[in-house]
Amino acid sequence: MSILATSFLQNHNFIDSLYILAVVLFILGLRGLAGPRTAVRGNQVAAVGMAIAFVATLLQEGVVPNGHTAILIAIGVIVGTLVGIPAARNVKMTAMPQMVALFNGVGGGAVALIAWAEFRRRFPGAGGDWYTKSMIASLFAAIIGSISFWGSNIAFGKLQEILPGRPIKLPGQQLINLVLLVICVGSAVAIAAGTHSQALFVLGVLVAAGVLGNMVVLPIGGADMPVVISLLNAFTGLSAAATGIALNNFALIVAGTIVGASGSILTNLMAVAMNRSVPSIIAGGFGGGGGEAPAGGGAGAGAGGTARSTSAQDAAIQLAYARQVVVVPGYGMAVAQAQHAVREMALALEKKGVEVKYAIHPVAGRMPGHMNVLLAEADVPYDQLKEMDDINPEFGRTDVSLIIGANDVTNPAANNDPGSPIYGMPILEVARSQSVIVLKRSMSSGFAGIDNPLFYDPKTAMLFGDAKASVSEITAELANL
Amino acid sequence: MDLVTQIGVLVLAAFVGFEVISKVPNTLHTPLMSGTNAIHGIVLLGGLLVIGEAVGAHDVLGQIILVIAIAFGTINVVGGFLVTDRMLGMFKRKPEQPAQTDAGEGQQ
């Protein structure tokens, strides 16, 4: 390559143009993600944008000054690729939410580590030429990145059930968190004021923020975890934008901010769907609570009744002679990997002239869209999946609602028991259908840890057992009818 | 860019983020979260930008920190886009319903 061509490629206007192109591709990609038909393309477009931004950065003058640097970059990229590809390829569809948490966490970790490297580059005898704005942005990135890294890891641990899903609380939790926050911010201020102590940066900023990240997420119940992951996702975006300000990089500022903004919106949408507010989730709530305090009080109404249990054969007969069946999937279906069995059962029913629809609650499973992904994997036609507002008016015309491993999203206490902790949460109104069959492993309470009066309703029958086994038994019985 | 320009860019980008996202249906929230998650892996570029100086300063610990940061950022980007693609692959319409597909290539 001639010197002229090389200098053109390294021209900062050319690099910036590539960045602008990359950012445009991100925006177009996100817009593509808005519709089921354009989403795959949208994701690819965003990935191309990322590749362009990556190459543009490497072209920039001085970024790869020598072979040693090139080797180190190659090591990082290759190791990251070798870890990332199999992780993304092999993860089960049910484990998707925790995978997103993990990917988000490493992003936050990268932010915090880069801030640390910036500190080392600027302070220990390196001329002290750190502009105030870059320094403040880096310190901000260090705190938020570290919180995001550790918080995401805890979220992963809870969803993966390495850690208990119920809230873990320490006495004086709020006070401890406040003290930790003061330590982080205080250390950051001390560094900004001219303290060149690396120990203070590592312990006072990175470690204290990391502990804070742990402490904030640990007391949050598993049911609220999707909201937390989304919030941490937005945080990581903001911290990436802060890194962009520190390093004066256009692509980082724009991409990070877009993620921060979209993540905040998404977080709010999820919280609204659960009738929760983001502050109350962060303060640590009932979500996943062992059922002690909140469950005892209000939701006790149904506890006096008895649940009626049924057999696969009875369930099959009930379903086969229905005109319309609405399947309500929940996390139990995901855990049991029952989606293919459900699809087979639905086909068997359709063969008998039964109309089958699927009612998807916005937060069924552990993330919005979780059920859609699983059912789509099992080739359930997209137009049979009905969102809550579309299906609720249909329950009055439904003969059988078949609830597969869903619980809290069908709990009528949300509508009629002001004492219930989930009072006011929009639910799927299955109780309005002619009859209800609930497939469930046991009578234990759902993720929110509260009792479900639906199970004691006279028109409800319980079919206990693993969701996949139960569904397969029903399908087998259908064939015999 | 001076600070005011940077903040201007940041504010405009925030509006773009709000606008683009507020139109996404519930169904696609998980893939969307995963997709935006991949995009913030762009922080990887930050690692690329500063590692050269750590090498120049013979700062071994700094180099180790940044190699890890680059690896982390790469996991975020590569894993994020792939996992999103896998999720979205589930939404593809199947060939047995050619009447409903957008792409008419299947028809003669």
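For clarity, every value in this text was computed on a predicted model and none was experimentally measured.

Things to note about the overall build of chain B
Check the secondary structure of chain B and you find 4 helices and 0 strands. Starting at the N terminus and ending at the C terminus, chain B contains elements arranged as α-α-α-α. Expressed as a percentage of its 108 residues, the buried residues of chain B come to 55%. For chain B, the proportion of contacts with a sequence separation of at least 24, taken over those separated by at least 6, is 58%.

Side note on the overall build of chain A
A tally of helices and strands in chain A yields 19 helices and 7 strands. Dimensions of chain A along its principal axes, counting C-alpha atoms only, are 80 × 55 × 30 Å. Here chain A holds 481 residues, and 55% of them are scored as buried. When contacts within chain A are restricted to residue pairs at least 6 apart in sequence, long-range pairs at least 24 apart make up 79% of them.

Describing the interface of chain B and chain A
Interfaces are frequently sized by the accessible area removed from exposure as the parts join. Each partner contributes to the interface: chain B provides 80 residues, whereas chain A provides 99 residues. Only α1 (3-21), α2 (29-39), α3 (44-56) and α4 (60-89) of chain B provide two or more residues apiece to the side of chain B that touches chain A. It is α4 of chain B that contributes the most residues to the side of chain B that touches chain A, 27 residues altogether. Its residues assigned to classes, the side of chain B that touches chain A comprises 45 nonpolar, 27 polar and 8 charged.

Some points on the domain arrangement of chain A
Each domain of chain A was delimited in the assignment, giving domain 1 (97-289) and domain 2 (301-480). Computed over C-alpha atoms, the centres of domain 1 of chain A and domain 2 of chain A are 38 Å apart.

Remarks on the packing of helix α6 (residues 132-159) of chain A against helix α7 (residues 173-192) of chain A
Residues and elements named next belong to chain A. At their nearest, the axes of α6 and α7 sit 10 Å apart, and the two run at 155° to each other. In terms of axis orientation, α6 runs roughly antiparallel to α7. In this structure, the crossing between α6 and α7 has a hand that is right-handed. On the side of α6, the interface is formed by Met-135, Ile-136, Leu-139 and Ile-143, while α7 contributes Cys-184, Ala-188, Ile-191 and Ala-192.

What about helix α2 (residues 12-32) of chain A?
Here α2 of chain A contains 21 residues, and its C-alpha end-to-end distance of 30 Å stays within 8% of the 30 Å for a straight helix at 1.5 Å per residue. Among the residues of α2 of chain A, those classed as buried are Ile-15, Leu-18, Tyr-19, Ala-22, Val-23, Leu-25, Phe-26, Ile-27, Gly-29, Leu-30 and Gly-32 of chain A.

Describing the packing of helix α5 (residues 96-122) of chain A against α2 of chain B
Direction vectors running N to C along α5 of chain A and α2 of chain B enclose 20°, while the axes themselves pass 10 Å from each other. When the axes of α5 of chain A and α2 of chain B are compared, the pair comes out roughly parallel. α2 of chain B is crossed by α5 of chain A, and the crossing has left-handed handedness. Across the interface between the two elements, Met-96, Val-100, Phe-103 and Asn-104 of chain A from α5 of chain A touch Thr-30, Met-33, Ser-34 and Asn-37 of chain B from α2 of chain B. Residues belonging to the contact of α5 of chain A with α2 of chain B are distributed by class as follows: 4 nonpolar, 4 polar and no charged.

Quick look at unusual backbone geometry
A positive phi angle, near 55°, is found at Gln-337 of chain A, a position not held by glycine. Mapped onto the elements of the fold, Gln-337 of chain A is located in the loop between α14 (331-336) and α15 (339-351). The backbone phi angle of His-58 of chain B is positive, close to 55°, even though this residue is not glycine. For His-58 of chain B, the location among the structural elements is in the loop between α3 and α4.

Concerning the nonpolar core
Within the largest apolar cluster, 192 residues are counted, with the highest numbers of intra-cluster contacts made by Ala-251, Ala-255 and Ile-404 of chain A together with Ile-42 of chain B. With 16 residues, α5 of chain A is the single largest residue contributor to this core. A domain split of this core shows at least three residues from each of domain 1 (97-289) and domain 2 (301-480) of chain A. Excluding residues that lie within four positions of it along the chain, Ala-251 of chain A makes contacts with Tyr-19, Ala-22, Val-23 and Ala-53 of chain A together with Ile-42 and Leu-45 of chain B.

Side note on the pairing of strand β5 (residues 400-404) of chain A
Residues and elements named next belong to chain A. In terms of burial, β5 is largely enclosed, as 5 of its 5 residues are buried. Of the two faces of β5, the one holding Val-400, Leu-402 and Ile-404 and the one holding Ser-401 and Ile-403 are both buried throughout. Relative to β5, strand β2 (residues 324-329) is paired through 5 bridges, and the arrangement is parallel. Counted as the bridge partner of Val-325 is Val-400 from β5.

Details of the confidence of the model for chain B
All names here are of chain B. For chain B, per-residue confidence averages 82 on the pLDDT scale, and residues scoring 70 or more make up 78% of the total. Put simply, α2 is where chain B has its lowest mean pLDDT, 89, and α4 is where it has its highest, 94. Across residues 94-108, where pLDDT falls below 50, the model places 9 contacts with residues more than four positions away in sequence or in other chains. Predicted complex metrics record ipTM = 0.86 and pTM = 0.76.

So, the sheet that holds strand β3 (residues 355-360) of chain A
All names here are of chain A. On the basis of which strands lie adjacent, the open sheet formed by 7 strands has the order β1-β7-β6-β5-β2-β3-β4 and parallel pairing. Single-partner strands in this sheet number two, and they are β1 (308-309) and β4 (385-387). Bridging between strand β6 (residues 435-440) and strand β7 (residues 460-464) involves 5 bridges; their strand directions are parallel. When the sheet's bridge partners are listed, Val-436 is paired in β7 with Thr-460. Across the sheet, α15 touches β2, β3 and β5, and the angle it forms with β2 is around 175°.

Section: the environment of Leu-375 of chain A
Residue and element names in this part refer to chain A. In this fold, Leu-375 is placed in helix α16 (residues 370-377). Spatially, the C-alpha atoms of Leu-375 and Ala-336 are 13 Å apart, while their sequence positions differ by 39 residues. Apart from the residues lying within four places of it in its own chain, the contact partners of Leu-375 are Pro-329, Gln-339, Tyr-358, Val-380 and Leu-385.

Conventions used here
- Residues numbered from 1 in each chain as written.
- Chains lettered and ligands numbered in written order.
- Predicted model: local features only at pLDDT ≥ 70, side-chain atom pairs only at ≥ 80, totals over all residues.
- Helix = DSSP H or I, 4+ residues; strand = E, 2+ residues; numbered from the N terminus.
- Buried ≥ 20, exposed ≤ 12 C-beta atoms within 10 Å, placed from the backbone.
- Contact = placed C-beta atoms within 7 Å.
- Nonpolar A, V, L, I, M, F, W, Y, C, P; charged D, E, K, R; others polar.
- Domains from an automatic or database assignment.
- Axes fitted to C-alpha atoms, helices over the stretch in contact; angles between N-to-C directions.
- Parallel < 35°, antiparallel > 145°, perpendicular 65-115°, else oblique.
- Left-handed = near helix turned anticlockwise from the far one by under 90°.
- Expected span 1.5 Å × (residues − 1).
- Core = buried A, V, L, I, M, F, W, Y, C linked by C-beta atoms within 7 Å.
- Pairing = 2+ DSSP bridges.
- pLDDT = per-residue confidence, 0-100.

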